[in-house]
Amino acid sequence: MSTLRDKILATATNLFQTQGINSTGVDNIVAVAGTTKMTLYKYFRSKELLILEVLTQSQQQFQSWLNSKLDSQTQQPAEKIQRLFDCIEEWVSSPDFNGMGFIKAAAEFPSETNPVHQLSAEQSKQFRLYIRSLAAQANIKDADGLALQLSLLFEGAVQAEQMQRGSGAMQYAKKAAKILIDGSLAEQA
């Protein structure tokens, strides 16, 4: 059952993704959610805390979707890392794709001391560690190096697709990822 808190969170998520975080005021969020500022602040003491919750929930949903997608295709670590960019390409091609929250938030909050920027940087790091874990499970020697390369491809392609849908950036990132992954897997043999 959806609660008013969930409705506020879903509304903020949608508005932040489509209009930008700094361009979306609390008045707009409560108007679209059909609630009041008092209610919003009952659940989220500040807009910053709402932003942090939106980023946390969005990243958890994406990671859960990605894990489920990969797990449904294979249990073999080498195959999972091979299929990673297939799944990401599917996500980017979805009509609901609005970019990656932590990438957008880091751009809107560039100060490294800002909690929103700090969470964005941590989410980027956690995604890189997720890729590193897949690479390590596949016995890739330089799992850290491959994870960094693939996360750079991921973030760059997502940013390009966010700015211009259908740019082809994800397709080229997928090709580059395949070269990097194939090379890394060949080194272990």
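Parameters at a glance
Residues numbered from 1 in each chain as written. Predicted model: local features only at pLDDT ≥ 70, side-chain atom pairs only at ≥ 80, totals over all residues. Heavy atoms only, no water. Helix = DSSP H or I, 4+ residues; strand = E, 2+ residues; numbered from the N terminus. Buried < 20%, exposed > 50% of the residue type's maximum accessible area, 1.4 Å probe, protein only. Contact = heavy atoms within 4.5 Å. Areas by Shrake-Rupley, 256 points an atom, 1.4 Å probe, with all protein chains shown as cover. Axes fitted to C-alpha atoms, helices over the stretch in contact; angles between N-to-C directions. Parallel < 35°, antiparallel > 145°, perpendicular 65-115°, else oblique. Nonpolar A, V, L, I, M, F, W, Y, C, P; charged D, E, K, R; others polar. 1 Å grid on protein atoms, 1.4 Å probe; cavity = no way out; pocket = protein on both sides within 12 Å on 5 of 7 lines; lining within 4 Å. Points joined across faces, edges and corners; volume = space filled by probe spheres on them. Core = buried A, V, L, I, M, F, W, Y, C linked by side-chain atoms within 4.5 Å. Salt bridge = Lys/Arg side-chain N within 4 Å of Asp/Glu carboxyl O. Phe/Tyr/Trp six-rings, centres within 6.5 Å; stacked < 30°, edge-to-face > 60°.

Caption draft 1: View of the overall build of the protein chain. Within the protein chain, the secondary structure is distributed over nine helices and zero strands. Listing the helices and strands of the protein chain from first to last along the sequence gives α-α-α-α-α-α-α-α-α. Taken across its 189 residues, the protein chain has 42% of its residues classed as buried. Pairs at least 24 apart in sequence give 65% of the contacts found in the protein chain among residues at least 6 apart. Of the roughly 9900 Å² of accessible surface on the protein chain, 51% is carried by carbon and sulfur atoms.

Caption draft 2: Main features of the packing of helix H8 (residues 143–163) against helix H9 (residues 169–188). Put simply, H8 and H9 touch, their axes get as near as 9 Å, and they point 175 degrees apart. By the angle between their axes, H8 is roughly antiparallel relative to H9. Residues Leu-146, Gln-149, Leu-150, Leu-153, Ala-157, Val-158, Ala-160 and Glu-161 of H8 touch H9, and the partners they reach there are Ala-169, Met-170, Ala-173, Ala-176, Ala-177, Leu-180, Ile-181 and Ser-184. The class makeup of the residues in the contact of H8 with H9 is 13 nonpolar, two polar and one charged.

Caption draft 3: Examining the layout of surface pockets more closely. In this structure, the largest pocket encloses a volume near 530 Å³. Contributing to the lining of the largest pocket are 23 residues, with Thr-13, Gln-17, Ser-58, Gln-61 and Trp-91 lying nearest its centre. Of all the secondary-structure elements, those providing two or more residues to the lining of the largest pocket are helix H1 (4–19), helix H4 (47–73) and helix H6 (101–108). Among the elements that make up the lining of the largest pocket, the one with the highest residue count is H4 (seven residues). Split into classes, the residues belonging to the lining of the largest pocket amount to nine nonpolar, twelve polar and two charged.

Caption draft 4: Structural context of the side chain of Thr-11. Turning to its location among the elements, Thr-11 is positioned in helix H1. Apart from residues lying up to four places away in sequence, Thr-11 is in contact with Ile-29, Val-32 and Ala-33.

Caption draft 5: The nonpolar core, seen in detail. By size, the foremost hydrophobic cluster in this structure holds 34 residues, and its most contacted members are Ile-81, Trp-91, Phe-154 and Val-158. Of all the elements in the fold, those that place two or more residues in this core are H4, helix H5 (77–93), H6, helix H7 (115–137), H8 and H9. Those residues in contact with Trp-91 that sit more than four places away from it in its chain are Phe-62, Trp-65, Phe-97, Gly-99, Met-100, Phe-154 and Val-158. Judged by nonpolar contacts, the second largest core, of 20 residues, contains Leu-15, Phe-16, Ala-33 and Leu-55.

Caption draft 6: Here's a closer look at the pattern of salt bridges. In this structure the tally under the stated criterion is nine salt bridges. Between Glu-79 and Arg-83 there is a salt bridge, with the nearest N and O atoms lying 3.8 Å from each other. Taken together, the residues span about one helical turn, with Glu-79 and Arg-83 both in helix H5 at a distance of four residues. Judged by relative accessible area, which is 35%, Glu-79 ranks as partly exposed. Residue class for Arg-83 comes out partly exposed when judged on its relative accessible area of 28%. Bridged by salt links that share partners, the residues Asp-86, Glu-89 and Lys-174 form one connected network.

Caption draft 7: Spotlight on the packing of aromatic side chains. Within this structure, the stated rule accounts for eight aromatic pairs. A ring pair is formed by Phe-62 and Phe-127, whose centres lie 6.0 Å apart and whose planes are at 50 degrees; its orientation type is tilted. Here Phe-127 lies in helix H7 and Phe-62 lies in helix H4, a separation of 65 residues in the sequence. Each of the two residues, Phe-62 as well as Phe-127, counts as buried. Of the aromatic side chains, those joined through ring pairs into one cluster are Phe-62, Trp-65, Trp-91, Phe-97, Phe-127, Tyr-130 and Phe-154.

Everything listed here is a matter of coordinates, which is why it stays silent on function.
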